Amino acid sequence: MSMRLLGKIGLLCVGALVVVPAPAQALEFHGGVSVGGIQIGTEPRLAVSPFAGWLWRNEGDFRLEVHNMFSIVPGAGIGVYDRTAVTLGYATKTTTVSLGPSLAIYSMPVCGAVICDRVVGVAPGGRAQSDWYFAGPLGVSTSVHVDWASGSSRVLPGSLVVMFTTGPIWRFEVKSK
């Protein structure tokens, strides 16, 4: 998927929200810690990722979400991967599904086929997430992220970063008047 197409998808999501405004029914905050794998370079790595989100829910089942995930990647050298996403989602009482563009800032030790080095940069991309609440405000969150690392690097030949995480989630809802 080209960056131009990804940008157009993001603008369409934001445009749809501007064209169909509705009064807010509730604000919702959520947070948790996910564990999963990140594939950057040729070696998959484990990542521990605290996350927090702010959601705006209208009278229907659609919502706008701003989500931040800060991933710590342990290993020979500690790496960090901080990603913020704005997504459009669909929610029911116990589940949510969302999709949208993201932007990440990273500093990671990465190994290519021949050489290892630390890479630092910015990565635009996309994010998909599903949440399932099974005990009131407690639930499980699963997310998939695909980012395109900026610049050319001998250790990132494809410039592609893929991350899959899952973990517990907790939500707090504030009703508006």
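First, a word on scope: everything that follows refers to the structure included in this document. (Residues numbered from 1 in each chain as written. Predicted model: local features only at pLDDT ≥ 70, side-chain atom pairs only at ≥ 80, totals over all residues. Heavy atoms only, no water.)

**Topic: the overall build of the protein chain**
Then, number 1: For the protein chain, the count of helices and strands is one helix and eight strands.
Then, number 2: N-terminal to C-terminal, the α/β element order of the protein chain is α-β-β-β-β-β-β-β-β.
Then, number 3: Contacts in the protein chain between residues far apart in sequence, at least 24 positions, make up 57% of those at least 6 positions apart.
Then, number 4: About 9200 Å² of surface is accessible on the protein chain, with carbon and sulfur atoms providing 72% of the total. (Helix = DSSP H or I, 4+ residues; strand = E, 2+ residues; numbered from the N terminus. Contact = heavy atoms within 4.5 Å. Areas by Shrake-Rupley, 256 points an atom, 1.4 Å probe, with all protein chains shown as cover.)

**Quick notes on the side chain of D131**
Then, number 1: Residue position: D131 is located in strand β6 (residues 116-135).
Then, number 2: A distance of 2.8 Å separates a polar atom in the side chain of D131 from a polar atom in the side chain of S141.
Then, number 3: Apart from residues lying up to four places away in sequence, D131 is in contact with R63, T94, T95, T96, V140, S141, T142 and I169. (Polar contact = N/O pair within 3.5 Å; in protein donor to acceptor, adjacent residues only side chain to side chain.)

**What to know about the packing of aromatic side chains**
Then, number 1: Inspection of every chain in the model, using the stated rule, returns three aromatic pairs.
Then, number 2: With a centroid separation of 5.4 Å and an interplanar angle of 70°, the aromatic rings of F62 and Y90 are classed as edge-to-face. Of this pair, F62 sits in strand β3 (residues 62-73) while Y90 sits in strand β4 (residues 79-91), and the two are 28 residues apart along the sequence.
Then, number 3: On the basis of relative accessibility, which here comes to 48%, the residue F62 falls in the partly exposed class.
Then, number 4: With 5.3 Å between their ring centres and 45° between their planes, W132 and F134 make a pair best called tilted.
Then, number 5: In this structure W132 comes out as partly exposed when scored by relative accessible area, which is 47%.
Then, number 6: With relative accessibility at 48%, the residue F134 sits in the partly exposed group.
Then, number 7: Residue placement shows R171 over the ring face of Y133; its charged tip is 3.8 Å from the ring centre. (Phe/Tyr/Trp six-rings, centres within 6.5 Å; stacked < 30°, edge-to-face > 60°. Buried < 20%, exposed > 50% of the residue type's maximum accessible area, 1.4 Å probe, protein only. Lys NZ or Arg CZ within 6 Å of the ring centre and 35° of its normal.)

**Observations regarding the pairing of β4**
Then, number 1: Side-chain alternation along β4 places G79, Y81, R83, A85, T87, G89 and A91 on a buried face and V80, D82, T84, V86, L88 and Y90 on a face that remains uncovered.
Then, number 2: Note that β3 and β4 share twelve bridges and pair antiparallel. Pairing of V66 across the sheet is with V86, part of β4.
Then, number 3: Taking the residues that link successive antiparallel strands as the turn, the β3-β4 hairpin has five residues, and the phi of G75 there is positive, at about 155°.
Then, number 4: If you look at the hairpin formed by β4 and strand β5 (residues 95-111), you'll find three residues sitting between the two strands. (Pairing = 2+ DSSP bridges.)

**Some words on the pairing of strand β7 (residues 138-148)**
Then, number 1: Covered by surrounding structure in β7 are G139, S141, S143, H145 and D147 only, the residues L138, V140, T142, V144, V146 and W148 on the alternate face being uncovered.
Then, number 2: Sheet topology places β6 next to β7; ten bridges connect them, and they run antiparallel. Across the sheet, residue G125 finds its bridge partner in β7, namely D147.
Then, number 3: What sits between β6 and β7 in their antiparallel hairpin is a turn of two residues, with G136 showing a positive phi close to 65°.

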